[in-house]
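Working through the structure, step by step
Chain residues, written in single-letter form:
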Amino acid sequence: MSPSTITLLFLLFAVVMFVLEKIPLGVTSMIVCIGLVVTGVLDTKSAFAGFVDSNVILFVAMFIVGGALFETGMANRIGGIVTRFAKTEKMLIIAIMVIVGLMSGVLSNTGTAAVLIPVVIGIAAKSGYKRSRLLMPLVFAAAMGGNLSLIGAPGNMIAQSALEELELKFSFFEYAIIGLPILAVGILFYATIGYRLLPSHDVQDDGAFDAGKDFQDVPVWKQWTSLVVLALTLLAMIFEDKIGIKLNISGCIGALVLIMTGVISEKDALKSIDLKTIFLFGGTLSLASALQKTGAGEEIANRVISALGETPSPYLLTFMVFILCCLLTNFMSNTATTALMVPICLSIAQRMGADPRAVLMACVIGGSCAYATPIGMPANTMVVGAGGYRFTDYVKAGSPLIVIATAVSMMILPVAFPFFP
């Protein structure tokens, strides 16, 4: 059996087990990871590389930074301020999505989600609303907001790099031509119809984010230090290129400062790390690696596109590229999906004599639609434990957003980015 066939079988197994959830998500990921090594598809180093991936390091660091915000009670204080203005659950959802969406436009969407997840959990604790109904809109808004600028998501820059080789480019806010309407309609959707689709779980606190704690005995300096470190970490992320320090390293510095100053103890710092997230994300990155290494992902893409015939309609091709990227990004990382599809889309555009910007825009926007699974985007994975989510929760609440993003994109793309300008 060829490595690509084995990889596709593991992909099928992962999809089925993620949906059925007969075994924990993290265990499924590890079965896939180990299986790819045992069958010789990946070597041990490649299979476990995901566990030292920069996003995993960012997760660990921000779990600690977020944990400090909780251990000191500062998250609850912030939550109290916000809930004073947002009087209903719907108003809270709108406020969270607007803030996160706009921040993700000029920051890393993963970094924005990582910083604000503990704040939103604090808001939930203070307001009495279920955190499961607030965290999912947060990560969806982070994904949508990533399409507002060149720096919002890694995939945006991957497409830009490919275009620069052809002496073309997207301007800084050009993604927002598609991204801003998707964000606006997405927020409107969850404020109305989609509100009913959000999962409602009573999450059992495991001690990491104990909302029922009495924080009266916590020194005020610890509370403010946790907030200042969070703010400085966020600023470091904003000016990542200026200061030359990567997001995950900024997060690590913030976590170390909090531990060394005694704001959070080593024991509480370790307790705040959600291992379910680490195993789920680290394990599934091995599958993404196998899809790329064996050519299985490219095979899927080529077969779908070749089925359109030699001279497909530009509109139909745009639609198929978008849908294919949507499907792939929910089972691979959105960055991996874009990296896989960009060269394929570029060669198709050149073969047809079409504007590469049109195809790559469809590719990038489609590749950001990782709403229907907990593994397509780092931020989705980060809230699995905190929100008590199941795989099907993402399918139910996120699939309509993919339909919305597709509809909005198909209306705007042909006008804003015509195939044959």
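Residues numbered from 1 in each chain as written. Predicted model: local features only at pLDDT ≥ 70, side-chain atom pairs only at ≥ 80, totals over all residues. Heavy atoms only, no water.

Next up on the list: a nonpolar patch on the surface. Taken together, the side chains of Val228, Leu232, Leu235, Ile238, Phe239 and Ile243 make up a nonpolar region of the molecular surface, amounting to roughly 520 Å² of accessible area. Looking at the nonpolar patch element by element, the count peaks at four residues for helix α11 (residues 220–238). Among the structural elements, Phe239 can be located in the loop between α11 and α12 (240–243). (Patch = residues over 30% accessible without salt bridge, like charges linked within 9 Å, V, L, I, M, F, W, Y side chains within 5 Å. Areas by Shrake-Rupley, 256 points an atom, 1.4 Å probe, with all protein chains shown as cover. Salt bridge = Lys/Arg side-chain N within 4 Å of Asp/Glu carboxyl O. Helix = DSSP H or I, 4+ residues; strand = E, 2+ residues; numbered from the N terminus.)

Turning next to the packing of helix α6 (residues 89–106) against helix α10 (residues 176–191). In contact at an axis separation of 9 Å, α6 and α10 are set at 160 degrees when each is read in the N-to-C sense. Considered as vectors, α6 and α10 are oriented roughly antiparallel to each other. Considering the relative orientation of α6 and α10, their crossing is right-handed. Along its contact with α6, which presents Lys90, Ile93, Ile94, Met97, Val98 and Gly101, the element α10 presents Leu183, Gly186, Ile187, Tyr190 and Ala191. In terms of residue class, the contact of α6 with α10 is made up of eight nonpolar, two polar and one charged. (Axes fitted to C-alpha atoms, helices over the stretch in contact; angles between N-to-C directions. Parallel < 35°, antiparallel > 145°, perpendicular 65-115°, else oblique. Left-handed = near helix turned anticlockwise from the far one by under 90°. Contact = heavy atoms within 4.5 Å. Nonpolar A, V, L, I, M, F, W, Y, C, P; charged D, E, K, R; others polar.)

In an α-helix there are 3.6 residues to a turn, and that puts residues three or four apart on one side. For helix α4 (residues 54–71), built from 18 residues, the straight-helix expectation of 26 Å at 1.5 Å per residue is met to within 8% by its first-to-last C-alpha distance of 26 Å. Gly73 lies just past α4 and shows a positive phi near 90 degrees. (Expected span 1.5 Å × (residues − 1).)

Let's shift gears to the packing of aromatic side chains. Enumeration according to the criterion identifies nine aromatic pairs in this entry. Seen from their ring centres, Phe51 and Phe279 are 6.1 Å apart, and the 65 degrees between their planes marks the pair as edge-to-face. One end of the pair, Phe51, is in the loop between α3 (44–47) and α4; the other, Phe279, is in helix α15 (residues 275–293), with 228 residues separating them in the sequence. Note on Phe279: relative accessible area 38%, which makes it partly exposed. Geometrically, the ring pair formed by Phe170 and Phe417 is edge-to-face, given 6.2 Å between the ring centres and 90 degrees between the ring planes. Linking Phe170 in the loop between α9 (154–164) and α10 with Phe417 in the segment after α22 (391–416), this pair joins segments that are 247 residues apart in sequence. There is no split in this pair, since Phe170 and Phe417 are both buried. In this structure an aromatic cluster arises from ring pairing among Phe140, Phe189, Tyr190 and Tyr371. (Phe/Tyr/Trp six-rings, centres within 6.5 Å; stacked < 30°, edge-to-face > 60°. Buried < 20%, exposed > 50% of the residue type's maximum accessible area, 1.4 Å probe, protein only.)

On to the packing of α9 against helix α19 (residues 356–367). The N-to-C vectors of α9 and α19 enclose an angle of 165 degrees; their axes lie 10 Å apart at closest approach. With respect to their mutual orientation, α9 and α19 come out roughly antiparallel. Like other packed secondary-structure pairs, α9 and α19 cross with a definite hand, here right-handed. Contacts from Gly155, Asn156, Ala159, Ala162 and Leu163 in α9 reach Pro356, Arg357, Leu360 and Val364 in α19. Class assignment for the residues of the contact of α9 with α19 results in six nonpolar, two polar and one charged.

Glancing now at the environment of Gly35. With respect to the helices and strands, the residue Gly35 is situated in helix α2 (residues 25–38). Considering only alpha carbons, one finds Gly35 and Ile6, 29 residues apart in sequence, at a separation of 9.5 Å.

Right, let's get into the environment of Pro421. Here Pro421 shows up in the segment after α22. Distance in space between the C-alpha atoms of Pro421 and Ala184 is 28 Å, their sequence separation being 237 residues.

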